[in-house]
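# Chain and residue survey
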Amino acid sequence: MATKPRILIVGAGPCGLTAALELARRGFTARIIDKEPGPTPLSKAVGISPRSLEILEPTGVTERLLAEGIRMKGVQARYEDRVLAIIDVSRIPHRFNFLLALPQSETETVMEDVLAARGVKVEWNVELTALRLAGAKVEVEFSGANGGTFDYVFAADGAHSRVREILGLGFTGHTHKRTWSIADAVIPDWPFAGATAMASLHRAGDAGFIIPIGANRFRAVSNTPDPLGHIPGTAGAQVSQSDTFHIPVRQADRYQEGGVFLGGDAAHVHSPIGARGMNLGIEDACSFATRLAGRTLDGYTAERHPIGRRWIVLSERMLAAVQSANPVTIAVRNTVIRTIGRLPSMQRPLLERVAGLRE
Ligand SMILES: Cc1cc2nc3c(=O)[nH]c(=O)nc-3n(C[C@H](O)[C@H](O)[C@H](O)COP(=O)(O)OP(=O)(O)OC[C@H]3O[C@@H](n4cnc5c(N)ncnc54)[C@H](O)[C@@H]3O)c2cc1C
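Residues numbered from 1 in each chain as written. Predicted model: local features only at pLDDT ≥ 70, side-chain atom pairs only at ≥ 80, totals over all residues.

### What about the overall build of the protein chain?
- Along the backbone of the protein chain there are nine helices and 22 strands.
- Principal-axis analysis of the C-alpha atoms places the extent of the protein chain at approximately 65 × 40 × 35 Å.
- The long-range fraction of contacts in the protein chain, counting pairs at least 24 apart against all pairs at least 6 apart in sequence, stands at 72%. (Helix = DSSP H or I, 4+ residues; strand = E, 2+ residues; numbered from the N terminus. Contact = placed C-beta atoms within 7 Å.)

### Some points on the domain arrangement of the protein chain
- Assigned domains of the protein chain: these are domain 1 (7-46 + 103-176 + 248-323) and domain 2 (70-102 + 177-246 + 330-359).
- Each side of the interface is counted separately: domain 1 has 20 residues, and domain 2 has 23 residues.
- Only α4 (104-117), α6 (277-294) and α7 (300-323) provide two or more residues apiece to the side of domain 1 that touches domain 2.
- Considering every element that reaches the side of domain 1 that touches domain 2, the biggest residue donor is α7, with six residues.
- For the side of domain 1 that touches domain 2, the class distribution of residues is nine nonpolar, seven polar and four charged. (Domains from an automatic or database assignment. Nonpolar A, V, L, I, M, F, W, Y, C, P; charged D, E, K, R; others polar.)

### A look at the packing of α6 against α7
- Remark: α6 packs on α7, axes separated minimally by 10 Å, with the N-to-C direction vectors making an angle of 170°. Taken together, the axes of α6 and α7 are roughly antiparallel relative to one another. Touching Leu280, Asp284, Ser287, Phe288 and Arg291 of α6 are Tyr300, Glu303, Arg304, Gly308 and Trp311, all from α7.
- Residues of the contact of α6 with α7, tallied by class, amount to four nonpolar, two polar and four charged. (Axes fitted to C-alpha atoms, helices over the stretch in contact; angles between N-to-C directions. Parallel < 35°, antiparallel > 145°, perpendicular 65-115°, else oblique.)

### So, the environment of Phe209
- Turning to its location among the elements, Phe209 is positioned in strand β16 (residues 207-214).
- Along the primary structure Phe209 and Gln76 are separated by 133 residues, whereas in three dimensions their C-alpha atoms are 9.8 Å apart.

### Points about the nonpolar core
- Of all hydrophobic cores here, the largest spans 99 residues; its most connected members are Ile9, Ala19, Ala20, Val153 and Ala155.
- Each of two domains, domain 1 (7-46 + 103-176 + 248-323) and domain 2 (70-102 + 177-246 + 330-359), supplies a minimum of three residues to this core.
- Setting aside chain neighbours within four positions, we find Val153 in contact with Leu8, Val10, Val138, Val140, Val163, Gly259 and Val260. (Core = buried A, V, L, I, M, F, W, Y, C linked by C-beta atoms within 7 Å. Buried ≥ 20, exposed ≤ 12 C-beta atoms within 10 Å, placed from the backbone.)

### Quick look at unusual backbone geometry
- Positive phi values are uncommon outside glycine, yet Asn125 reaches one of about 60°.
- Along the chain, the position of Asn125 falls in the loop between β8 (123-124) and β9 (127-134).

### Concerning the site of the ligand
- Surveying the vicinity of the ligand reveals 33 residues, the closest of which are Gly11, Gly13, Gly158, Gly264 and Gly277.
- Of all elements in the fold, only α1 (14-25), β2 (30-34), β9 and α6 reach the threshold of two or more residues within the shell around the ligand.
- When residues in the shell around the ligand are grouped by element, the largest group, four residues, is from α6.
- Along the lines of polarity and charge, the residues of the shell around the ligand split into 14 nonpolar, ten polar and nine charged. (Near = placed C-beta within 6 Å.)

### Focus: the sheet that holds strand β4 (residues 70-72)
- Read from one edge of the open sheet, three strands run β3-β7-β4, paired in antiparallel fashion. On the outer flanks of this sheet lie β3 (47-48) and β4, each paired with one strand and no other. (Pairing = 2+ DSSP bridges.)

### Focus: the pairing of strand β15 (residues 196-201)
- Burial of β15 is extensive: five of the six residues sit out of reach of the surface.
- Across six bridges, the pairing between strand β5 (residues 74-79) and β15 is parallel. Bridge assignment links Arg78 to a residue of β15, and that residue is Ser200.
- Alignment of β15 against β16, held across four bridges, turns out to be antiparallel. Note on β16: the bridge partner recorded for Met198 is Ile210.
- What sits between β15 and β16 in their antiparallel hairpin is a turn of five residues, with Gly205 showing a positive phi close to 90°.

### So, the sheet that holds β8
- Ordered by their spatial adjacency, six strands build an open sheet running β8-β2-β1-β12-β21-β20, and the pairing between neighbours is mixed. Strands at the two margins of the open sheet, each flanked by one partner only, are β8 and β20 (256-257).
- In the sheet, strand β1 (residues 7-10) pairs with strand β12 (residues 152-155) via four bridges, with the strands oriented parallel. Residue pairing for β12: Val10 is matched across the bridge by Ala155.

### Focus on the environment of Gly158
- With respect to the helices, strands and loops of the structure, Gly158 is situated in the loop between β12 and α5 (162-167).
- Taking the C-alpha atoms as reference points, Gly158 and Gly263, 105 residues apart in sequence, are found 8.4 Å from one another.

Structure, rendered in structure tokens:
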């Protein structure tokens, strides 16, 4: 390629921002647009994996995330009022031997700042409204700004991707019926270790999860209407924001059509258990930028689709185990969790997958 390709990134969530950062450090300038006025204000991803920290390190983002986030070193698994296991996250075989807990809104703000310092401004309030494949080029129209013709489009426009819809790419799967709840809360008298997350499982398949996001600040998620109701030690909690959501489990049939590539939630969505959603998107974006620079983009779907598939299968298994109300399944599951807790060698494969170090 004699001249630099014209690249458009649709969506300035963690996936699109990573693509822009990764391209910028390789000498490519992309236009990046988002229909919203700024980074998400919503309660979404919290856990940043060692692999994501490694990917973002050369851009300068990781240093800032490490300064702001909490290094989570353990996960306590409980059944009713008993501790089943404490998983030692610091066994992750990596120099970043922790999951970094930081609200997604703060992660996106850091990414946007670092990108701006590299001279790339996110075009907020600009929505992609139309897209056409025209030979080897991609023509797009926006509302809020002039569109244009691009060599490559990276669609990181989330689960309801307009780009995926325009291209008619299937997004096969289903949405779980159960309503989940989520809340951010200050818990002044948290009785457990500060940098530890908790999964609290119950007889009827009810479950609550909590993860620290700051000094006395926590994010709680539950498959019941009360995000904190199944977590012990939360009396006196002051909830600052809360919401409900359903879990979609879907994957795009292909991640590429002509010069258009899908990444992040536009390509795959699944349960938040295991904290992989945002991290898989960061990995997709890194792969896209690396392949664009190395002119190997045609291998993108073949690399990324099976990785997304494997995580969807594993996260569905974990979700079913967590939500089981069957006494036999619960007994087997609890035995497995206790055994994993006792045997560090059994913790390692799961930790490596959550960390993004093994697919
Ligand atoms: C309750 C909840 C908890 C979660 N917890 C975790 C967790 O702990 N760990 C984890 O890794 N993941 C978690 N996730 C998932 C994580 O939030 C997503 O995987 C992540 O946000 C996906 O990033 P993305 O950049 O692909 O898409 P998004 O963050 O959805 O960003 C897409 C962007 O595209 C923009 N856009 C959409 N359409 C257009 C258009 N036509 N034109 C221009 N812009 C457009 C949107 O405004 C948006 O900013 C959670 C999600 C939820 C809902």
